[in-house]
Amino acid sequence: VTAVRIGLLGCGTVGQAVVRALSDGGAPITRASGHRVEIGPILVRDPDRRRPGVDPSLLTTDVGRILDDPEVAIVVEVMGGIDPALGHLRTALGRGKAVVTANKQLLARHGAELLEQAERSGTELRFEASVCAAIPVIKVLRESLLVAEIEALTGIVNGTTNFVLSEMGRGGLSYADALARAQSLGYAEADPTEDVSGADAAAKLAILASIAFHTRVRLDDVTFEGIERIDRDDMTQAQELGYAVKLLAVARLVDGAVALRVHPALVPQDHRLAAIGGADNAVLVQSRGAGQIMLVGPGAGGTETASAVVADVLSVLGTHRGSFLHNALADAGRPVQPPGESRTPFYVRMHVADRPGVLATVAGVFAEEGLSIESVVQRGQGAGARLVLVLHEGLESCMTAALERLRELPEVSGEPVVLRVLDVAGEGR
Ligand code: NAP
Ligand code: HSE
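Draft legend 1. Molecular detail of the overall build of the chain. The number of helices and strands found in the chain is 14 helices and 16 strands. Projected onto its principal axes, the C-alpha coordinates of the chain cover approximately 85 × 55 × 45 Å. Every one of the 429 residues in the chain was classed for burial, and the buried ones make up 47%. Partitioning the contacts of the chain with sequence separation of at least 6, the portion at a separation of at least 24 is 70%. Put simply, the chain shows about 20,900 Å² of open surface, and 50% of that area lies on carbon and sulfur atoms. Taken together, the 41 basic and 53 acidic charged side chains of the chain have centroids lying 2 Å from each other.

Draft legend 2. Region of interest: unusual backbone geometry. Cis geometry is found at the peptide bond from G40 to P41, where omega equals 5 degrees. Within the secondary structure, P41 sits in strand β2 (residues 35-43). A cis amide bond links D83 with the next residue in sequence, P84, at an omega value of 15 degrees. Among the secondary structure elements, P84 is positioned in the loop between β4 (72-77) and α4 (85-94). Of note, the phi angle at D255 is positive, near 50 degrees, even though the residue is not glycine.

Draft legend 3. Geometry of the packing of aromatic side chains. Tallied over the entire structure, the rule returns 1 aromatic pair. Each ring, one from F163 and one from Y187, has its centre 5.8 Å from the other, and the planes form 70 degrees; the classification is edge-to-face. With F163 in helix α7 (residues 159-169) and Y187 in the loop between α8 (175-184) and α9 (193-196), this residue pair connects regions lying 24 residues apart in the sequence. Since its relative accessible area comes to 10%, F163 is described here as buried.

Draft legend 4. Up close: the site of ligand 2. In the vicinity of ligand 2, the contacting residues are K104, N158, G159, T160, Y187, A188, E189, D195, D200, K204, G299 and A300. The contact in question runs from an oxygen atom of ligand 2 to an N or O atom on the side chain of N158, over 3.4 Å. With the chains in place, 94% of the 260 Å² that ligand 2 exposes on its own is no longer accessible. In this structure, ligand 2 is accommodated by the largest pocket. Listing elements by their share of the shell around ligand 2, those giving two or more residues are α7 and α10 (199-212). Here the residues of the shell around ligand 2 are counted per class, giving 3 nonpolar, 4 polar and 5 charged.

Draft legend 5. Quick peek at the site of ligand 1. Around ligand 1, the surrounding shell holds 25 residues, and the nearest of these are D46, R49, K104, E189 and G301. With respect to ligand 1, the backbone of R45 contributes an N or O atom lying 2.9 Å from an oxygen atom. Contact distances for ligand 1 include 2.5 Å between an oxygen atom and a side-chain N or O atom of E189. Protein burial of ligand 1: of its 900 Å² of free accessible surface, 86% is covered by the chains. In this structure, ligand 1 is accommodated by the largest pocket. Residues of the shell around ligand 1, tallied by class, amount to 11 nonpolar, 8 polar and 6 charged.

Draft legend 6. Fine view of the pattern of salt bridges. This structure, assessed with the given rule, holds 17 salt bridges. One salt bridge in this structure joins K204 and D200, with 2.6 Å as the shortest N-O distance. Remark: D200 and K204 occur in helix α10; sequence separation between them is 4 residues, near one turn of the helix. Between R420 and E396 there is a salt bridge; the shortest N-O distance is 2.4 Å. Here the residue R420 occupies a position in strand β16 (residues 412-420), and E396 occupies one in helix α14 (residues 396-408), the gap between them amounting to 24 residues.

Draft legend 7. Structural view of the sheet that holds strand β14 (residues 373-379). Across the sheet, which stays open at both edges, the 4 strands sit in the order β14-β15-β13-β16 with antiparallel pairing between neighbours. A single partner strand is all that each edge strand has here, and the edge strands are β14 and β16. Strand-to-strand twist across the sheet, computed as the mean angle between neighbouring axes with direction ignored, equals 20 degrees. Relative to β16, strand β13 (residues 343-352) runs antiparallel, the two being bridged by 6 bridges. Its bridge partner lying in β16, R349 is registered against V417. Across the sheet, α14 lies against β13, β15 (386-395) and β16, angled at about 165 degrees from β16, the strand it touches most.

Draft legend 8. Molecular detail of the sheet that holds strand β5 (residues 98-101). Taken in spatial order, the 6 strands make up an open sheet running β3-β2-β1-β4-β5-β6, and their pairing is parallel. Edge positions in the sheet fall to β3 (59-60) and β6 (125-126), since each of these pairs with one other strand and no more. When β2 meets β3, the two strands line up parallel, connected through 2 bridges. For I42, the partnering residue across the bridge sits in β3 and is L59. Docked against the sheet, α4 engages β1 (2-9), β2, β4 and β5, running at close to 150 degrees with respect to β5.

Draft legend 9. The arrangement of the nonpolar core in detail. Grouped together as the largest cluster of nonpolar side chains are 70 residues, with contacts concentrated most on V137, L141, L153 and L208. The element that contributes the greatest number of residues to this core is α10, accounting for 10 residues. In contact with L141, not counting residues within four places along its chain, are L146, I150, L153, L208, I211, A212 and V285. Counting residues in hydrophobic clusters, the runner-up holds 30 residues, among them V44, V100, A129 and A308.

Draft legend 10. Structural view of the layout of surface pockets. Here the largest pocket defines a volume of roughly 1,100 Å³. In this structure, the largest pocket is lined by 46 residues; those nearest its centre are V78, M79, G80, E189 and A190. Of all the secondary structure elements, the ones that give two or more residues to the lining of the largest pocket are α1 (13-24), α5 (104-120), α9 and α10. Taken together, the residues of the lining of the largest pocket sort by class into 17 nonpolar, 15 polar and 14 charged.

Analysis parameters
- Residues numbered from 1 in each chain as written.
- Chains lettered and ligands numbered in written order.
- Predicted model: local features only at pLDDT ≥ 70, side-chain atom pairs only at ≥ 80, totals over all residues.
- Heavy atoms only, no water.
- Helix = DSSP H or I, 4+ residues; strand = E, 2+ residues; numbered from the N terminus.
- Buried < 20%, exposed > 50% of the residue type's maximum accessible area, 1.4 Å probe, protein only.
- Contact = heavy atoms within 4.5 Å.
- Areas by Shrake-Rupley, 256 points an atom, 1.4 Å probe, with all protein chains shown as cover.
- Lys, Arg positive; Asp, Glu negative; His and termini not counted.
- Charge placed at Lys NZ, Arg CZ, Asp CG, Glu CD.
- Phe/Tyr/Trp six-rings, centres within 6.5 Å; stacked < 30°, edge-to-face > 60°.
- Near = heavy atom within 4 Å.
- Polar contact = N/O pair within 3.5 Å; in protein donor to acceptor, adjacent residues only side chain to side chain.
- 1 Å grid on protein atoms, 1.4 Å probe; cavity = no way out; pocket = protein on both sides within 12 Å on 5 of 7 lines; lining within 4 Å.
- Sits in = over half its atoms within 2 Å of the grid points.
- Nonpolar A, V, L, I, M, F, W, Y, C, P; charged D, E, K, R; others polar.
- Salt bridge = Lys/Arg side-chain N within 4 Å of Asp/Glu carboxyl O.
- Pairing = 2+ DSSP bridges.
- Axes fitted to C-alpha atoms, helices over the stretch in contact; angles between N-to-C directions.
- Core = buried A, V, L, I, M, F, W, Y, C linked by side-chain atoms within 4.5 Å.
- Points joined across faces, edges and corners; volume = space filled by probe spheres on them.

Laid out in structure tokens, this is it:
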């Protein structure tokens, strides 16, 4: 196992989360890559600022401690802005250091030059975190859909504005309060005008379109408009007309040319993009080869963005031969839960005899097996009488036991139909 030193430029919302993710993920990164990651030095403006989980002795205001250190093999740029970030990245790449950046404005303006410099220096520049935070959209466009012949990209690519519009649309926070909340949650840019004006989404669209259409697209090529003039009235009117309001980034091939725009748009409420709420992002990719693919997930936030930064760091380190094969990484040794211990709500339909007391008997069986009933409906009469029950979350083993007893009851005919109800509240667990 060899040590690889990673220098950070910036240690704010994203930088601190990167430090945590690289520290917490140290063991699997080493197992996959064969390298042990060493974090630091870390460039900041104010070394006295409190940064939980970050060793203060790693902080510096002298970028030379990172760029002049031959041991720093990878530079993670999470400081934002053009100047001085551009100069630092030119120097880092010029010295053969690999660079991982989350800086979309820098890439949309100077990406071509930086990529050429990386190539000349025999190193690499990676930027998954610059677009749609945790969603691995660059990897999918670059690798999975390389030859898919992409025809169009339609996306919600700014978390802050989607959060603001979602809040206004559901009658929650006002524009100003929602924006302030997005800032406090770490979604917004240092200058949130970049978000609300559409400039952030335009930079991301330039990056996505460059990869999707194998064509250099720069920020200046993207026409953009923001959400500043939208008020609650527009949201209500749009809803009454059957639409949601979304800030869309659209790139499509029109007669062989790449057409690009970012603007707020009315999206039919039954369209997949209308359901993307909060700070989530989504990119709908239309291609000849693969049809429609939609990538959805968290589009902003420190931890979410750090996930993409770490993925790029791992790509730079490379995975050693066999690390993803033969279950080499399946060594956490966690127990597997027996099927009977899974918990879900249930829907049960059964044919029953149409006579008094049947419901009480059936309800009694469920109660004795530890399952509680949320609702019961009786449908049909006589031979066609059916009970439809919805039960609160319970153990699979309890349902198995209840079914065994129900099958024995003379009042129940045929095999009950049991469906599990998707536990939406448990999706994040
Ligand atoms: P942030 O919280 O403002 O952090 C910026 C960091 O860079 C701070 O630690 C700051 O130092 C340091 N810094 C800035 N200018 C500097 C300078 N001239 N010299 C030395 N240090 C400097 O920003 P962030 O939200 O983490 O975003 C960082 C980058 O990630 C931006 O390019 C942004 O577009 C991108 N990004 C952010 C998100 C997100 O959800 N936040 C998502 C994807 C991509 P101090 O702490 O001392 O001020
Ligand atoms: N400010 C950006 C957003 C961060 O809200 O989408 C993620 O790039």
